[in-house]
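# Examination of the molecular architecture
What follows is each chain in one-letter form.
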Amino acid sequence: MARTERLRLITDAVREAGQLSVAGLAELTGASEMTIRRDLETLGAQGVLERYRGGARSLLLRGEEPPFAFRAREDTGTKRRIAAAVAGLIADGESVLIDSGTTCFEVARALEHRRLTVIPLSLHAANALTGAPRLKLLLPGGEPRPGELALTGPLTEASLAALRFDTAVIGCCGLTSRDGLTAYDLADAAVKRAAIASARRVIAVAEAAKLSRTALAFVAPVSALDAVVTDGTAPEEETGAMAAAGVVVRTV
């Protein structure tokens, strides 16, 4: 089992149970107890769980999004392939809004050397694009959420309402044909809705796992999306239903 997969399995198992022992996690993952202890140190440093002698307890509530630092290390290859596919859909000269989140952060990095006007909705993406030689960078107002550094609040929403974008690249916490695009955070969901309302074309980016997940805050139905870019392990029943709803689905 790859380390990123093991860290995700440990995170999910401890969150579901509340707390688990090192021995139990070793049995669950097939890794040695020494390896599990190192993994728990990593997850503890990322704010996902709290260590105690012989085990760990979760710091995440059920339905709560893991910290940005943890997610940024997950499935980086997949996220970069998704980002490259999105970059291929965007023409030079476009005005592009890039949502917050780790996959959208990779989209920002993929567009760094393009001739575009870009407004990022997180300080992580803004930092990645600062100094890009050919790119015009616009920054919205708003309050950055701790850790995530996503810009939210009435200032962000007002900034988006005053502009019109050729393309909005939107991240999500869940995306299904039945429940649409959803987010864990209510303020983040409001910003996503404002972004969708201000864009001529909306591209949602989501790793396959998100296509079987629904989060708390509803953002938009699938019909509000023009395209979805995901990876090749996405469930066919979901990608098929989205295609039937008129959404262009691209897998990488």
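Residues numbered from 1 in each chain as written. Predicted model: local features only at pLDDT ≥ 70, side-chain atom pairs only at ≥ 80, totals over all residues. Heavy atoms only, no water.

## Concerning the overall build of the protein
Looking only at helices and strands, the protein features 10 helices and 15 strands. Radius of gyration (C-alpha) of the protein: 19 Å, near the 18 Å computed for a compact globule of 252 residues. In the protein, which comprises 252 residues, the share counted as buried stands at 50%. Total accessible area on the protein stands at roughly 11400 Å², and carbon and sulfur atoms take up 52% of it. Between the mean site of the 30 positive side-chain charges and the mean site of the 30 negative ones, the protein shows a separation of 4 Å. (Helix = DSSP H or I, 4+ residues; strand = E, 2+ residues; numbered from the N terminus. Rg over C-alpha atoms; globule rule 2.2 N^0.38 Å. Buried < 20%, exposed > 50% of the residue type's maximum accessible area, 1.4 Å probe, protein only. Areas by Shrake-Rupley, 256 points an atom, 1.4 Å probe, with all protein chains shown as cover. Lys, Arg positive; Asp, Glu negative; His and termini not counted. Charge placed at Lys NZ, Arg CZ, Asp CG, Glu CD.)

## Here's the deal with the environment of alanine 31
Among the secondary structure elements, alanine 31 is positioned in the loop between α2 (22-29) and α3 (33-45). Residue class for alanine 31 comes out buried when judged on its relative accessible area of 18%. Each C-alpha atom, one on alanine 31 and one on arginine 3, is 9.9 Å from the other, the two residues being 28 residues apart in sequence. Setting aside its immediate chain neighbours within four residues, alanine 31 contacts Arg6, Ala26 and Ile36. (Contact = heavy atoms within 4.5 Å.)

## Structural notes on the nonpolar core
Counting residues in hydrophobic clusters, the biggest one holds 33 residues, and the most contacted among them are Leu97, Leu160, Ile170, Leu175, Leu181 and Leu225. Contributing elements (two or more residues each) for this core: β9 (165-170), β11 (180-183), α9 (186-197), β12 (199-205) and β13 (217-220). The biggest single contributor to this core is α9, with 5 residues. The residues contacting leucine 160, other than those within four sequence positions of it, are Leu97, Ile119, Leu121, Phe165, Val191, Ala194, Ala195 and Ser198. (Core = buried A, V, L, I, M, F, W, Y, C linked by side-chain atoms within 4.5 Å.)

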